[in-house]
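Residues per chain, in single letters:
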Amino acid sequence: MDEPDGLPPEDEPALIHGAISSLSRGQLVVHSARDDYLDLVGSLYDDGYRVCMDLTGVDYLMHMERQLPPGVRAERFEVVVNLLSTEARRRIRVRAQVPGADLTIPSIFHLHPTTEAMERETYDMFGIVFTGHPDLSRILMPDDWEGHPLRKDFGVGRIPVQFKGAPPAR
Amino acid sequence: MSSSTELSEGAQELQPKSRTAGLEYLREAGSVLRIPHLPEDVDEVRTDDDTMIVNMGPQHPSTHGVLRVMMELQGETVLRSKPVIGYLHTGMEKTGEDLTYLQGPTNVTRMDYVAPLFNELVFSLATEKLLDVEIPPRATWIRMLMCELNRMSSQFLWMATNGMDLGAVSMMIYGFREREGILDFFEKVTGLRMNHNYIRPGGVAVDLPDGWRDDVLRLLDIFPERLDEYDTLLTGQPIWQERTQGVGILTTEECLALGITGPLLRSTGLPWDLRKDDPYLYYDQVDFDVIVGSYGDSFDRYAIRLNEIRESMKIVRQILDKMPSGDYRVQDKKVTPPPRHRIDESMEALIHHFKIFTEGFRVPEGEVYVAVESPRGELGCYMVSDGSAKPYRFHIRGPSFVNLQALPHMLRGGMVADAVASISSIDPIMGEVDR
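If you're wondering where the values come from, they're calculated on a predicted model, not measured in any experiment. (Residues numbered from 1 in each chain as written. Chains lettered and ligands numbered in written order. Predicted model: local features only at pLDDT ≥ 70, side-chain atom pairs only at ≥ 80, totals over all residues.)

Caption draft 1: Spatial organisation of the environment of B:P399. Residue and element names in this part refer to chain B. Within the secondary structure layout, P399 lies in helix α16 (residues 399-403). For P399, a count of 34 C-beta atoms within 10 Å corresponds to the buried category. The sequence separation of P399 and E378 amounts to 21 residues, and the corresponding C-alpha distance is 5.6 Å. Among all residues touching P399, those that are not within four sequence positions of it are T261, G262, S374, R376, G377, E378 and L379. (Helix = DSSP H or I, 4+ residues; strand = E, 2+ residues; numbered from the N terminus. Buried ≥ 20, exposed ≤ 12 C-beta atoms within 10 Å, placed from the backbone. Contact = placed C-beta atoms within 7 Å.)

Structure, rendered in structure tokens:
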């Protein structure tokens, strides 16, 4: 399932629906700019990638010089979507670049209702706003939590445990 | 801000229908009604104040941990519901960024605490894919043996808690009894009943102990008749059928749109099992059947899990025949610490041992997504390495987290008593939901 037929070797980026693709350890990856993201996921949906298995984010603040195929502009955040086609038994991964200055990306909830909780989790952990999501709110952290914990500039152990109703420390 | 606002759960809270905003309504309906072939119209008629919002949980014996389900009730009928999660969130993905690849399994094993070996397995497989190391056959067969036993113990625990939820309390005792037999074996092999840290990048922690084959055979001798007892106790019993048949029905299209996997998906008739459809380890070398249901209700899920124990026993018997001799971990000096006795003789071995356990080993830059079939569905691990000895980021795709989204749909229009059956049939493990 990892290596579909007819794909070029790793050093030759091919285009899938106009987006640059690459192989990462034999797994098919499509790189997308934020503006093309919605169209790309929609085209892949029409190709049979009907199941969204996973959606998450990565903050590349400490690792901006990561390996990307030529032509892909690296931004601070990435939204990573793992799609599955149950008929063809294939997987594909979409890596969408999201600039740190403007943390918004379209929601794919209307195509994949399963991303409801996943996009909320990504918003909760990284602060990435999914426009068009019906109910974007925190899902794992308390509602009055400040900051987004999985960002690389969110220090471990920097903030005391906060819970509502607890008396202030002093 | 009034005091009532401070005590509320904010956006997480389920408001009465009359006070629910349009977007919130869309979210609820959307999870079901955005599926193309289903009718578009939502029952948007806002009723008067004869409905009631009731909290089930977070501390409720039948919510399997700290799950809170808010339900809007009209009499005994559930109009709407919303799972509220996050009570067990401990930031394991953040913690994992500060642990080396060798320490990683100690962290992830605490996520799905009922099937801990699967978490270790998926973490190790992702690391090994990044490292590009080949695992010796014996290590792979040991992994399969332990995982299938763990699948059985997880399903036994589900049988136990599901029985307890629906009033078959004797089932709880039986399920725990069988699970304890497997956990005793785990303790003998790994040293711990749970949270084993047994499967590690590069192989497994230790070889199987002397007499392991007899222990496994003893378990395999006991279980078939115990499973037949379950059939007598539950499967054909009219009360059990009344409680579970036709409760919490899902269709294949809904499951795929909601990303639901595991016994929930298979109960709708789609034989999707990663062990068959995307074989990992040596699952392509063993013979077993994928159990499917036909109605997609709670009873089908019960029957699937019961029979998956039988299939797992079939796999374990084949593993016993095929278990080769050889190394239980890869002999790659980069990944594997030197044998204990070498440390007393060789300074280099001591340094090597020290370096591996303090600094860890470096993993080449890259990113992978690896998925295995856990007892609850697709357990995935997305791992990003920046070339250092700690994962730059790893994300666990917990099947419980995704499967729990089916809850509002399963409960809609049902009775409160059936809500317990539906929650139970999802088999959510909150450690994995909240991570």
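Caption draft 2: Spatial organisation of the sheet that holds strand β3 (residues 27-32) of chain A. All names here are of chain A. Spatially, six strands are ordered β1-β2-β3-β6-β5-β4 in an open sheet, and the strand pairing comes out mixed. The sheet is open, and its two borders are formed by β1 (14-16) and β4 (51-59), each paired with just one other strand. Strand-to-strand twist across the sheet, computed as the mean angle between neighbouring axes with direction ignored, equals 30°. In terms of strand pairing, β1 meets strand β2 (residues 19-24) through three bridges, oriented antiparallel. Directly across from L15, in β2, lies its bridge partner I20. Packing of helix α1 (residues 34-46) onto the sheet brings it into contact with β2, β3, β5 (77-85) and β6 (90-98), and relative to β6 it is tilted by some 165°. Here helix α2 (residues 115-126) sits on the sheet in contact with β4 and β5, set at roughly 5° to β4. (Pairing = 2+ DSSP bridges. Axes fitted to C-alpha atoms, helices over the stretch in contact; angles between N-to-C directions.)

Caption draft 3: The arrangement of the interface of chain A and chain B in detail. At the interface, 35 residues of chain A touch 46 residues of chain B. Those elements that place two or more of their residues in the side of chain A that touches chain B are β4, β5 and α2 of chain A. For the side of chain A that touches chain B, the element with the most residues is β4(A), which contributes six residues. Along the lines of polarity and charge, the residues of the side of chain A that touches chain B split into 16 nonpolar, ten polar and nine charged. (Nonpolar A, V, L, I, M, F, W, Y, C, P; charged D, E, K, R; others polar.)

Caption draft 4: Here's a closer look at the pairing of β4(A). All names here are of chain A. Across the nine residues of β4, nine count as buried, placing the element largely inside the fold. Pairing between β4 and β5: eight bridges, direction antiparallel. Pairing of D54 across the sheet is with N82, part of β5.

Caption draft 5: How the structure looks around the nonpolar core. By size, the foremost hydrophobic cluster in this structure holds 140 residues, and its most contacted members are A:L83, B:V122, B:A126 and B:C381. Among the elements that line this core, the one with the most residues is helix α6 (residues 137-165) of chain B, at 14 residues. Setting aside anything within four residues of it in sequence, one finds B:V122 in contact with B:V370, B:V372, B:L379, B:G380 and B:C381. The next biggest cluster of nonpolar side chains, apart from the first, holds five residues, and it includes B:I291, B:F299, B:Y302 and B:I304. (Core = buried A, V, L, I, M, F, W, Y, C linked by C-beta atoms within 7 Å.)

Caption draft 6: Up close: helix α8 (residues 212-235) of chain B. Residue and element names in this part refer to chain B. Over its 24 residues, α8 runs 33 Å from end to end, which matches the ideal 34 Å to within 8%, given 1.5 Å per residue. If you look at α8, its biggest bend is around 25°, right at F223, and the proline P224 turns up within four residues after that. Among all positions in α8, only V216, F223, Y230 and L234 are buried. Packing partners of the buried residues in α8 comprise α6, α7 (169-190), α9 (238-244) and α13 (298-322). (Expected span 1.5 Å × (residues − 1). Bend = angle between axes of the 7 residues up to and from the residue.)

Caption draft 7: Here's a closer look at the packing of helix α5 (residues 116-131) of chain B against α6(B). Residues and elements named next belong to chain B. For the pair α5 and α6, interaxial distance at closest approach is 8 Å and the crossing angle is 145°. Handedness of the crossing formed by α5 with α6: left-handed. Contact residues: L117, F118 and L121 in α5; R143, M146, C147 and N150 in α6. The class makeup of the residues in the contact of α5 with α6 is five nonpolar, one polar and one charged. (Left-handed = near helix turned anticlockwise from the far one by under 90°.)

Caption draft 8: Representation of the environment of B:S153 within the structure. Residues and elements named next belong to chain B. Along the polypeptide, S153 turns up in helix α6. Each C-alpha atom, one on S153 and one on Y283, is 19 Å from the other, the two residues being 130 residues apart in sequence. Here S153 is in contact with R179, I182 and L183, once residues within four sequence places are set aside.

Caption draft 9: The sheet that holds strand β2 (residues 68-74) of chain B, seen in detail. All names here are of chain B. The strand order across the open sheet built from three strands is β1-β2-β3, with neighbouring strands paired in antiparallel fashion. Two strands bound the open sheet, and with one partner strand each, they are β1 (52-56) and β3 (77-84). Averaged over all pairs of adjacent strands, the angle between their axes in this sheet comes to 25°, without regard to strand direction.

Caption draft 10: Structural context of the pairing of β3(A). All names here are of chain A. By the criterion of burial, β3 is predominantly enclosed, with six of the six residues buried. Side-chain alternation along β3 places Q27, V29 and H31 on one buried face and L28, V30 and S32 on a second face that is also buried. Strand direction decides the pairing type here: β2 and β3, joined by five bridges, are antiparallel. Its bridge partner being in β3, I20 is matched across the sheet by H31. The hairpin formed by β2 and β3 contains two residues between the paired strands, and R25 there has a positive phi angle of roughly 50°. Pairing of β3 with β6, which is carried by four bridges, proceeds in the parallel orientation. Residue pairing across strands places V29 opposite R93, the latter belonging to β6.

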